[in-house]
Amino acid sequence: MIIALEVGLLYAVMALGVYLTYRVLDFPDLTVDGSFTTGAAVTAILIVNGVPFQVAIVAAVIAGLLAGVITGLLHVWGNINPLLAGILTQIALYSINLRIMGKANLPLLRETTMFTGMREEKLLATWVSVGSFAVWVAIIGLVLYFFLGTNYGVALRATGDNELMARSQGIATGKTKVVGLALSNGLVALCGSWVAQYNGYADISMGIGLIVAGLASVIIGQAIFGMTNVWQAVLAAILGSVIYRAIIQAALSVGLNPNDMKLISAVLVVVALVLPNFGPLKQVRVKRRAAKAQAVGGKV
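Residues numbered from 1 in each chain as written. Predicted model: local features only at pLDDT ≥ 70, side-chain atom pairs only at ≥ 80, totals over all residues. Heavy atoms only, no water.

Another point: the overall build of the chain. Of the regular secondary structure elements, the chain holds 13 helices and 2 strands. Taken along the three principal axes of its C-alpha coordinates, the chain extends 65 × 50 × 35 Å. Counting all 300 residues of the chain, 47% fall into the buried class. Sequence separation of 24 or more characterises 76% of the internal contacts of the chain that already satisfy a separation of 6 or more. A total of about 14,800 Å² of accessible surface is found on the chain, and carbon and sulfur atoms cover 67% of it. One finds the centroid of the 19 positive side-chain charges in the chain at a distance of 11 Å from the centroid of its 11 negative side-chain charges. (Helix = DSSP H or I, 4+ residues; strand = E, 2+ residues; numbered from the N terminus. Buried < 20%, exposed > 50% of the residue type's maximum accessible area, 1.4 Å probe, protein only. Contact = heavy atoms within 4.5 Å. Areas by Shrake-Rupley, 256 points an atom, 1.4 Å probe, with all protein chains shown as cover. Lys, Arg positive; Asp, Glu negative; His and termini not counted. Charge placed at Lys NZ, Arg CZ, Asp CG, Glu CD.)

Put into C-alpha cells, the structure is as follows:
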C-alpha cells in the first residue's frame, strides 16, 4: 500500500499537467504520452553522462515545455485540430526520444539520482518517503493554484471556459493556449524525470497510454471531491492520482494480469464518467448544488 501511495504521489504531477489541458484549457492534448518519455529520456541520458541530477531535471522540464509549445503552435498557427496536433507531436517525440537515449532502454544503475540517498538509507517504501513525496507534490500544487489565481492564470481559465468571450475581452487566446500547453507538458516531463529516477531506468514505451491514467486520475478525483473551486480541483487531481494507483495496486494484488492494466484504466475512466450521470447520483448532485446556491443567496 505504501508503494501505491509513493507512485500515486509521483504521478500526481502528471495528473496536474493533464488537469491544466483537459479541465482548464478544455484541450484534449495527447502530447502527454510523448513528453512524459521525453522527460525521462533527457534525465537518463544526462545523468549517465555525468550531469548532476538537479540539472538533468531542469533540462527535462525545459524539453517538456518545448514539446507543449510545438503542439500549441501546430494548433494555433497551423490551424490543426487539437487532437491531431497532439498526435503529431507525440509521434514525432517517439523518434526524438529514441535519438536522445540512443536505444530503447537506458538503465540508471549505480548512477546518482534524487532517490539515491533514500535508497541507501532504505527509506523508500516507508512513511518517510511518502511524506517527502507529499511535500514535493504539495509545493507544486500550491504553485499551480496561485498561478491560476494571477491575471494570466485567470486569462488561461477564461480561454478554456469561453474562447470567444475571452478574445472579446482582449485576451490573446492563441498565446494563452501555447503557454498552457507548455506548462502542462513541462509538468508531465517533470513527472517522467522523477519516475525514471525512481524506477532506475528510462524506456521508450513508458509513456504509452499514460493519457488514460492522467484522465482517470483527474476524473476520479473530481468525481469524488468535486471541482467547484480551483484549490479543490487541484487537490482532487492529486488525490485522484493516489486513488487510481491504489486501485491498480489492489487489482494486481488480487491476481489480475499486469497486461490488463491498460484495460482496467480505460474501464475506470468510463465508470468515473458515467457514474455522476447515473440517476440517483445525479439527483444527489442537483440537490447539493441547489442547497449550496440557496445558502449563498441567503448570505447575500
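From this point, things continue past the structure.
Our next topic: the nonpolar core. Core analysis: the biggest nonpolar cluster contains 73 residues, and Met-14 and Tyr-19 have the highest contact counts within it. Elements that contribute at least two residues to this core include exactly α1 (2-24), α2 (32-48), α3 (53-76), α6 (127-148), α9 (173-199), α10 (210-225), α11 (230-253) and α12 (261-274). Element by element, the count of residues in this core is highest for α1, at 13 residues. (Core = buried A, V, L, I, M, F, W, Y, C linked by side-chain atoms within 4.5 Å.)

With that settled, the discussion passes to the pattern of salt bridges. Per the counting criterion, the structure on display carries 2 salt bridges. Through salt bridges that share partners, Glu-163, Arg-167 and Lys-177 make up one connected network. (Salt bridge = Lys/Arg side-chain N within 4 Å of Asp/Glu carboxyl O.)

End to end, helix α4 (residues 82-101) covers 28 Å across 20 residues, agreeing with the expected 28 Å (1.5 Å per residue, within 8%). Among the residues making up α4, those that are buried are Pro-82, Ala-85, Gly-86, Thr-89, Leu-93, Asn-97 and Met-101. Buried residues in α4 make contact with α2, α3, β1 (105-107) and β2 (201-203). Between the side-chain oxygen at the start of α4 and the backbone nitrogen of Leu-83 there is a gap of 2.9 Å, and the oxygen is on Asn-81. Where α4 terminates, the next one or two residues include Gly-102, which has phi positive at roughly 85°. (Expected span 1.5 Å × (residues − 1). Polar contact = N/O pair within 3.5 Å; in protein donor to acceptor, adjacent residues only side chain to side chain.)

Moving on: the packing of aromatic side chains. Summed over the entire model, instances satisfying the criterion amount to 8 aromatic pairs. Ring geometry for Phe-115 versus Phe-133: centroids 5.5 Å apart, planes at 75°, classification edge-to-face. With Phe-115 in the loop between β1 and α5 (116-120) and Phe-133 in helix α6, this pair connects stretches of sequence that are 18 residues apart. Pair check on accessibility: Phe-115 and Phe-133 agree, each one buried. Seen in terms of ring centroids, Phe-115 and Trp-136 are 6.1 Å apart; in terms of plane orientation they differ by 50°. Their pairing is tilted. Here Phe-115 is found in the loop between β1 and α5, whereas its partner Trp-136 is found in helix α6, with 21 residues between them in sequence. With relative accessibility at 26%, the residue Trp-136 sits in the partly exposed group. The ring of Tyr-11 has Arg-245 sitting right over it, with the charged end atom 3.9 Å from the ring centre. (Phe/Tyr/Trp six-rings, centres within 6.5 Å; stacked < 30°, edge-to-face > 60°. Lys NZ or Arg CZ within 6 Å of the ring centre and 35° of its normal.)

Turning to the packing of α1 against α6, a few remarks are in order. Packing of α1 against α6 brings their axes to within 8 Å, and their N-to-C directions diverge by 10°. By the angle between their directions, the pair α1 and α6 is classed as roughly parallel. Where α1 abuts α6, its residues Ile-2, Leu-5, Glu-6, Leu-9, Leu-10, Ala-12, Val-13, Leu-16, Tyr-19, Leu-20 and Val-24 lie against Trp-127, Ser-129, Val-130, Phe-133, Ala-134, Val-137, Ile-140, Gly-141, Leu-144 and Leu-148. Split by residue class, the contact of α1 with α6 holds 18 nonpolar, 2 polar and 1 charged. (Axes fitted to C-alpha atoms, helices over the stretch in contact; angles between N-to-C directions. Parallel < 35°, antiparallel > 145°, perpendicular 65-115°, else oblique. Nonpolar A, V, L, I, M, F, W, Y, C, P; charged D, E, K, R; others polar.)

Structurally, Ile-139 can be placed in helix α6. Residue class for Ile-139 comes out partly exposed when judged on its relative accessible area of 47%.

Let us look at α10. Relative to the 22 Å expected for 16 residues at 1.5 Å per residue, α10 spans 22 Å between its end C-alpha atoms, a close match to the ideal helical length. The buried fraction of α10 amounts to 12 of the 16 residues, a majority that puts the element mostly inside the structure. Listed as buried for α10 are Leu-210, Ile-211, Ala-213, Gly-214, Leu-215, Ala-216, Ser-217, Val-218, Ile-219, Ile-220, Gly-221 and Gln-222. Contacts made by the buried residues of α10 are with α1, α2, α11 and α12.

Moving on, we come to unusual backbone geometry. For residues other than glycine, phi is negative in most cases, and the peptide bonds are mostly trans. Although it is not a glycine, Asp-26 adopts a positive phi angle of roughly 55°. Looking at the element boundaries, Asp-26 is found in the loop between α1 and α2. Classification of Asp-26 by relative accessible area gives exposed; the value is 54%. Look at Lys-122: it is not a glycine, yet its phi comes out positive at around 60°. When you line up the elements, Lys-122 lands in the loop between α5 and α6. Of the residues examined, Lys-122 reaches a relative accessible area of 72% and is grouped as exposed.

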